[in-house]
Amino acid sequence: MKNLKKPEVIISAVIALAIIAGAVLYFKTPQGNITAARPGGSLLHDEGPAPEITSPDGYINTGGKPITFGEFKGKKVVLVDIWTYSCINCQRTLPYIKAWYDKYSDQGLEIIGIHTPEFSFEKVQKNVEDAVERLGIKYPFVLDNEYGTWNAFGNQYWPRKYLIDVDGNIVYDHIGEGGYEDTEKAIQEALMDRDAKLGISPADVTATSSAPENPIDAEFSAIGSPETYFGSARNQYLANGKESASGIQSLILPANPELNGLYLGGNWDFFPEYAESSAGGKIVYKYDSKNVYFVASAKDPSRPVKIKVLVDGKEPGDMHGADIAPDGTGTISESRLYHLLGGENYGTHTVEIDVIDGTLDAFTFTFG
């Protein structure tokens, strides 16, 4: 998640600055979660009328029809999920959100995803549609490419959830990952309130907690590496080149990389959002975590990029991620998040990526 000023509960997560849309600053952190204070023991608290969807750029899972929050006032409770598809923080929440949709959509709950992009490629509707299909999401989405709805809510985070009651008021607000039991209880409470106002028996609302299949767990206290950007707008962790500089740099890898330093080898062309290299380009990063995620794309979509991933100088074997073979070979094609490395335990390792063929656009490393 991102914020202009980190709250104390997540201040230990030191994360890269993101410069987005007119030099507005946000932070995305993989640690912790924040839920607004709840007076009187209730999970619900009236924050006033919810703003409307503002300046939408497209719709997904709506049959091409526009959707608004207002159309559900007096009918349903709405859970608003603000996210972006290449964000691992956002993806880790999806098993729970999808479980809630399956469980409560016939009990008066609507879920609407607001897709506010971090990178330019996330503004492309086809890319978002492919991601929604790949991730198995069935609820409707609104493309928020110009941050209209994000700004209407005064939001500063990915991901963030707002719960809108049957009267159209925001009654619950959760920032970041975690807090799933509380969020589900808030949904249940809002649904029971809705049923009471509409004269429906509250017994119709399921009161049990969900246990989604295949949740993506992360031990936040064990993650010792920050999100690391390649593009010149945010590459303050670039350790062997000139940071914040666009254009071509010829870089040499050191013999002993330092922890959490981004090291590049070969010729790299730096753009504000990403750094680009062709065959012969190398990436080295010494990290402290378990899972390594890589946001990347092929410069030419018709020519996928072939890469070779090593961990501690060896083929990853059992440490390979979902997008990499045990021998470390992989292909970068779509503009998305790739899972490079995993394994059983957290620890300090060095990942190396060799560009074998094609032209790679590298955006970020994230960890979990």
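Before any of the text, the structure's been laid out above.
Residue positions are given per chain, counting from 1 as you read along its sequence in written order. Given that the model is predicted, a residue must reach a pLDDT of at least 70 before its local features are reported, and side-chain atom pairs must reach 80 or more before they are shown or counted; all residues, however, enter totals for whole chains, interfaces and linings. Heavy atoms throughout the structure, all of them, feed into the side-chain values; hydrogens and water do not.

Student: Which residues make up the overall build of the protein, and what values do they have?
Tutor: Within the protein, the secondary structure is distributed over four helices and 20 strands. Counting only contacts in the protein whose residues sit at least 6 apart along the sequence, the fraction spanning at least 24 positions is 73%. Going along the chain from the N terminus, every DSSP run of H or I of four or more residues is numbered as a helix, and every run of E of two or more is numbered as a strand. In what follows, residue pairs with any heavy atoms lying within 4.5 Å of each other are defined as contacts.

Student: I'd like a rundown of the packing of aromatic side chains, residues and numbers included.
Tutor: Working definition: a ring pair exists when centres of Phe, Tyr or Trp rings (six-membered ring for Trp) sit within 6.5 Å. Plane angles under 30 degrees give stacked, over 60 give edge-to-face, the rest tilted. Evaluated as defined, the whole model comprises 24 aromatic pairs. A centroid spacing of 4.8 Å and a plane angle of 25 degrees characterise the contact between Phe-271 and Tyr-274, whose relative ring orientation is stacked. A residue is classified by how much of its surface remains accessible, and Phe-271, at 26% relative accessible area, is partly exposed. Residue Tyr-274 is classed as buried on the basis of its relative accessible area, which comes to 14%. Consider the rings of Phe-365 and Phe-367, whose centres lie 6.2 Å apart with planes at 40 degrees: the pair is tilted. Buried residues are those whose accessible area, probed at 1.4 Å on protein chains only, stays under 20% of the maximum for their type, while exposed residues exceed 50% and partly exposed ones sit between those limits. Residue Phe-367 is classed as buried on the basis of its relative accessible area of 3%. One aromatic cluster is present, formed by Tyr-85, Phe-119, Phe-121, Tyr-229, Phe-271, Tyr-274 and Phe-363 through successive ring pairs. The ring of Phe-271 carries Lys-299 above its face, with NZ or CZ at 5.4 Å from the centroid. Look at NZ for Lys and CZ for Arg. If either is within 6 Å of the ring centre and within 35 degrees of the ring normal, a charge sits over the ring. Between the NZ or CZ atom of Arg-336 and the centre of the ring of Tyr-338, over which it lies, the distance is 3.9 Å.

Student: Break down the nonpolar core for me, citing the residues and quoting the values.
Tutor: For this analysis, a nonpolar core means a set of buried residues of the types Ala, Val, Leu, Ile, Met, Phe, Trp, Tyr and Cys, connected via side-chain atoms within 4.5 Å. Grouped together as the largest cluster of nonpolar side chains are 60 residues, with contacts concentrated most on Phe-69, Trp-100 and Leu-163. At eight residues, helix α1 (residues 88-104) tops the list of elements feeding residues into this core. Setting aside its immediate chain neighbours within four residues, Phe-69 contacts Pro-51, Glu-52, Ile-53, Val-78, Val-80, Ile-112, Ile-114, Phe-153 and Ile-164. Counting 33 residues, the second largest nonpolar core, distinct from the first, contains Ala-218, Leu-262, Ile-353 and Phe-365.

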